[in-house]
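Residues per chain are reported as follows:
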Amino acid sequence: MDVVALELSRLKIAAETALLLSGLVSLLSGVGWLAAGPLGLMFGPVGLGAVMLLQSGEVDRLLRHHRVRAVHPHSRPARLFRALQQRSGLQNVSLFAAPSGQLNAFAVGDRSEAAVVVTLPLLQRFADDELAGILGHELTPIANGDVRVMGTATILTRAIIQTGVFAVLLTVLAPQTQVAPVAVALAALAAAVLGALMTAKLSRTREFAADLGSARLLGNPAPLARALLRLEGYARRLTPWWLRPRRQRRSLHDSHPATTERLARLDSYLGA
């Protein structure tokens, strides 16, 4: 693999993540100023600190919701998972199978307690190297703390929306203020839209980080690339023909990047 390309991509992703989270904090400070004046500028940093401190794991609740069961410890997926888990340095992570008929995998929790959930069709139909690529993709967010990062971004976005609504109500109910309610409403709306777009962009950025982590963990980006191609093929066949053009169009509020873009990045890690 191209080690330089991997490192440059890692630094770029880290910079994008920091910039987007800073942008959300700044937006919250901005709508805080609309609602409470200069004192409201503290809403952003105080809100960020509170969210980071108060976030708690919901691993058990999510696992119950998806009706998962533990994967047999001597099964092929379990052996692959243990090998990748050891390479990643993670300890408190369990592998579960979900009874869903869809091809899907996701991770919940953080380094203290986490789980990777893979649906049964994905466990059964994918080759060992492809499954390893997917498992590496799901272990990376746990190692990187992405559940906490995305949870923080989501809560900050909700706070931006709620504070903006509060600012509009204050302006309407206090007509003696010098700022027109329409101007406050437009500013609050712009902040809410921009916050939602930033959160979606952050989600796409962290997906690229998970792809990068899988390539680093396996020492090869090709297994994940093959798995993504198969997943895209399944999704295309399951999508009705009249919806395929709409599915192919990408928008700024998409939480996942296009498969073609993910494959191009993975290909760039191979080097010459």
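Look a little higher up for the structure.
Residues numbered from 1 in each chain as written. Predicted model: local features only at pLDDT ≥ 70, side-chain atom pairs only at ≥ 80, totals over all residues. Heavy atoms only, no water.

**Structural notes on the packing of aromatic side chains**
Under the definition given, this model contains one aromatic pair. Ring centres of Phe-126 and Tyr-234 lie 6.3 Å apart, and the angle between their planes is 40°; on these two criteria the pair is classed as tilted. A residue pair is termed long-range when its members are at least 10 positions apart, and Phe-126 in the loop between α5 (120-125) and α6 (128-144) and Tyr-234 in helix α9 (residues 222-238) qualify at 108 residues. For the pair Phe-126 and Tyr-234, a shared accessibility class is recorded, and that class is buried. Residue placement shows Arg-230 over the ring face of Phe-126; its charged tip is 4.4 Å from the ring centre. (Phe/Tyr/Trp six-rings, centres within 6.5 Å; stacked < 30°, edge-to-face > 60°. Helix = DSSP H or I, 4+ residues; strand = E, 2+ residues; numbered from the N terminus. Buried < 20%, exposed > 50% of the residue type's maximum accessible area, 1.4 Å probe, protein only. Lys NZ or Arg CZ within 6 Å of the ring centre and 35° of its normal.)

**Focus: a nonpolar patch on the surface**
The grouping of Ile-161, Val-165, Leu-169, Val-172 and Leu-173 at the surface amounts to a nonpolar patch, some 480 Å² of accessible area in total. Note on placement: Leu-173 falls in helix α7 (residues 146-173). (Patch = residues over 30% accessible without salt bridge, like charges linked within 9 Å, V, L, I, M, F, W, Y side chains within 5 Å. Areas by Shrake-Rupley, 256 points an atom, 1.4 Å probe, with all protein chains shown as cover. Salt bridge = Lys/Arg side-chain N within 4 Å of Asp/Glu carboxyl O.)

**A few points about the packing of helix α1 (residues 3-36) against helix α2 (residues 43-54)**
Their axes nearest at 7 Å, the elements α1 and α2 cross at an angle of 125°. As judged from the angle between their axes, α1 and α2 are oblique. Here α1 contributes Val-25, Leu-28, Ser-29, Gly-32 and Ala-36 to the contact with α2, which in turn contributes Phe-43, Gly-44, Pro-45 and Leu-48. A class-by-class count of the residues in the contact of α1 with α2 yields six nonpolar, three polar and no charged. (Axes fitted to C-alpha atoms, helices over the stretch in contact; angles between N-to-C directions. Parallel < 35°, antiparallel > 145°, perpendicular 65-115°, else oblique. Contact = heavy atoms within 4.5 Å. Nonpolar A, V, L, I, M, F, W, Y, C, P; charged D, E, K, R; others polar.)

**Some words on the pattern of salt bridges**
One pass over the full model with this rule turns up nine salt bridges. Among the salt bridges present, the one from Glu-7 reaches Arg-10, with a minimum N-O distance of 2.4 Å. In this pair, Glu-7 and Arg-10 both sit in helix α1, three residues apart, roughly one turn of the helix. Owing to a relative accessible area of 31%, Glu-7 belongs among the partly exposed residues under this scheme. Salt-bridge contacts for Arg-262 lead to Asp-211; the nearest nitrogen and oxygen are separated by 2.8 Å. Note that Arg-262 is positioned in helix α11 (residues 259-268) and Asp-211 in helix α8 (residues 181-218), a separation of 51 residues in sequence. A relative accessible area of 8% places Arg-262 in the buried class.

**Description of the nonpolar core**
One recurring pattern in soluble globular proteins: nonpolar side chains tend to sit buried together. If you look at the biggest cluster of nonpolar residues, it comprises 25 residues, and the most contacted ones within it are Val-93, Val-116, Val-118, Leu-135 and Leu-139. When residues of this core are traced back to their parent elements, those giving at least two are α4 (76-88), β2 (93-98), β3 (105-110), β4 (113-119), α5, α6 and α9. Counting residues per element, this core draws most heavily on α6, at six residues. Excluding residues that lie within four positions of it along the chain, Leu-135 makes contacts with Pro-77, Leu-80, Phe-81, Leu-84, Leu-95, Val-116 and Val-118. Within the second largest apolar cluster, 15 residues are counted, among which are Val-25, Met-150, Ala-153 and Ile-160. (Core = buried A, V, L, I, M, F, W, Y, C linked by side-chain atoms within 4.5 Å.)

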